[in-house]
Amino acid sequence: MYVRSFDPPPDLPAPLCPDLGLALQGGGAYGAFTWGVLDRLLEERRFRPAAISGASAGALNAAVLAAGLAVGGHEAAKAGLEALWRGVADMAFLKMMGAPGAHLQMDLMTRLVSPYQFNPLNINPLRDLLAGLIDFGSLGGRGRPALFISATNVRTGAPRIFRETEITVDVLLASTCLPYLHHAVEIDGESYWDGGFSANPPLLPLALDTLCGALLLVKLTPDSEEEVPTQAQPILARMRRIMFNAPLERDLDALAGMQAQLRRTTRRLPRDLVRLRALGLSTITMPAELLGEDAGSAGLIERLRTAGRAAAEGMLQ
């Protein structure tokens, strides 16, 4: 493993750097923390990401942010993100998960019954919410952020990265498709599950396929959790977080390795490799204390937003 050395840009706070690449990790309802981060950053005129990547809940945030910026600038993006997360908090499923014992009941049910059995009509309330929020025709084009949305091919386990003009409601539903809750989403004859399994979020495309000069990662998996879980539910939750964070750790190691090799070379490098060698990465990470059994409760959504805004404020100072 390479020693990671991602130097943030020296002059400006990372979120305000020109040619910013924004990487948004997935994490279910904890994506409301990212909403809070973006909500605060959108109050800064100089916050103008050149490229955005996302998986799962990060994909929803990425698409709503990009569409809002395209059709109405910062205020439209703020309004779109608020409508997204107010709509999520209003969903009957999320309200049900706030009831005592609901997580245990859901865990038992999903171990015994598949979504093809308990939801044979494949009803997903996110579909209508996203269709009403996002002008998909506005994504991409000159002066608009590049987009990289991941989903996981069920047949191969490999990530597929969808770009601006490919992104539809089905792509976002694929990126958020937890297989124990939803049917696999079919696109172009292939079935897809949550992008968090394979690229959470797509980080290397921001570094290699764009001209970004700085990267900002919003991470929903805490950097460390000191307490070793000993009960069934916390053990399962920790296992899921480790599994969903593994693709990001792989990409971080790969990026660090490439930069280390570029820094060792004595040859004159092409301009894009000079950019890659100097590419800095800054991270806003959700605090571990926000994790808890009420991850499905609507009340947590507002606490996560508040925490995200505070974290963004800290980086801007």
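In the block above lies the structure referred to throughout.
Note that the structure is a prediction, hence the values are computed from the model and not measured.

Caption draft 1: Structural view of the pairing of strand E1 (residues 20-24). Across the 5 residues of E1, 5 count as buried, placing the element largely inside the fold. Here E1 shows no split at all, with Leu-20, Leu-22 and Leu-24 on one side and Gly-21 and Ala-23 on the other all buried. Bridge count between E1 and strand E7 (residues 214-219): 5 bridges; the pairing is parallel. If you follow Leu-22 over to E7, its bridge partner there is Leu-216. Bridging between E1 and strand E2 (residues 51-55) involves 4 bridges; their strand directions are parallel. Considered in E2, the bridge of Gly-21 is made with Ala-51. Handedness of the crossover joining E1 and E2 through helix H1 (residues 31-41) is recorded here as right-handed.

Caption draft 2: Focus on the packing of helix H9 (residues 232-264) against helix H10 (residues 271-278). At their nearest, the axes of H9 and H10 sit 9 Å apart, and the two run at 120° to each other. The hand of the H9/H10 crossing is left-handed. Facing Leu-255, Gln-259, Leu-262 and Arg-263 of H9, the residues of H10 in contact are Leu-273, Leu-276, Arg-277 and Ala-278. Looking at side-chain class alone, the contact of H9 with H10 contains 5 nonpolar, 1 polar and 2 charged residues.

Caption draft 3: Molecular detail of the packing of aromatic side chains. For the structure on display, the rule yields 2 aromatic pairs. Considering the side-chain rings of Phe-162 and Tyr-192, the 5.8 Å spacing of their centres and the 70° angle between planes classify their relative orientation as edge-to-face. Taken as a pair, Phe-162 in strand E4 (residues 159-162) and Tyr-192 in strand E6 (residues 190-194) lie far apart in primary sequence, 30 residues in all. Since its relative accessible area comes to 1%, Phe-162 is described here as buried. Ring centres of Phe-197 and Phe-244 lie 4.8 Å apart, and the angle between their planes is 40°; on these two criteria the pair is classed as tilted. Of the two residues, Phe-197 sits in the loop between E6 and helix H8 (204-208) while Phe-244 sits in helix H9, which places them 47 residues apart along the sequence. In this structure Phe-197 comes out as partly exposed when scored by relative accessible area, which is 27%.

The rules we used
- As a convention, each chain's residues are numbered from 1 in the sequence order in which they are written.
- Only residues with pLDDT of at least 70 get local features here, since the model is predicted, and only at 80 or more are side-chain atom pairs given and counted; chain-wide, interface and lining totals rely on the full set of residues.
- Hydrogens and water molecules were not included; the side-chain quantities draw on all heavy atoms of the structure.
- For the exposure calls, accessible area comes from a 1.4 Å probe over protein chains only, and a residue counts as buried if that area is under 20% of its type's maximum, exposed if over 50%, partly exposed in between.
- Runs of H or I in DSSP of at least four residues are treated as helices and runs of E of at least two as strands, each being numbered from the N terminus.
- Whether two strands pair depends on DSSP finding at least two bridges between them.
- When the strands point away from the viewer, a crossover counts as right-handed if the path from the first strand over the helix to the second runs clockwise.
- Under this scheme, a helix contributes an axis fitted over its contacting stretch, all axes are lines through C-alpha atoms, and angles between N-to-C directions fall in the 0 to 180 degree range.
- By definition, any crossing whose near helix is turned counterclockwise from its far helix by less than a right angle is left-handed, and any crossing with a clockwise turn is right-handed.
- Throughout, a contact is declared for two residues whenever any of their heavy atoms are within 4.5 Å.
- When residue character is reported, Ala, Val, Leu, Ile, Met, Phe, Trp, Tyr, Cys and Pro are called nonpolar, Asp, Glu, Lys and Arg charged, and the others, Gly included, polar.
- Think of it this way: a Phe, Tyr or Trp ring, Trp meaning its six-membered ring, pairs with another when their centres are within 6.5 Å, and the plane angle makes it stacked under 30 degrees, edge-to-face over 60, tilted otherwise.

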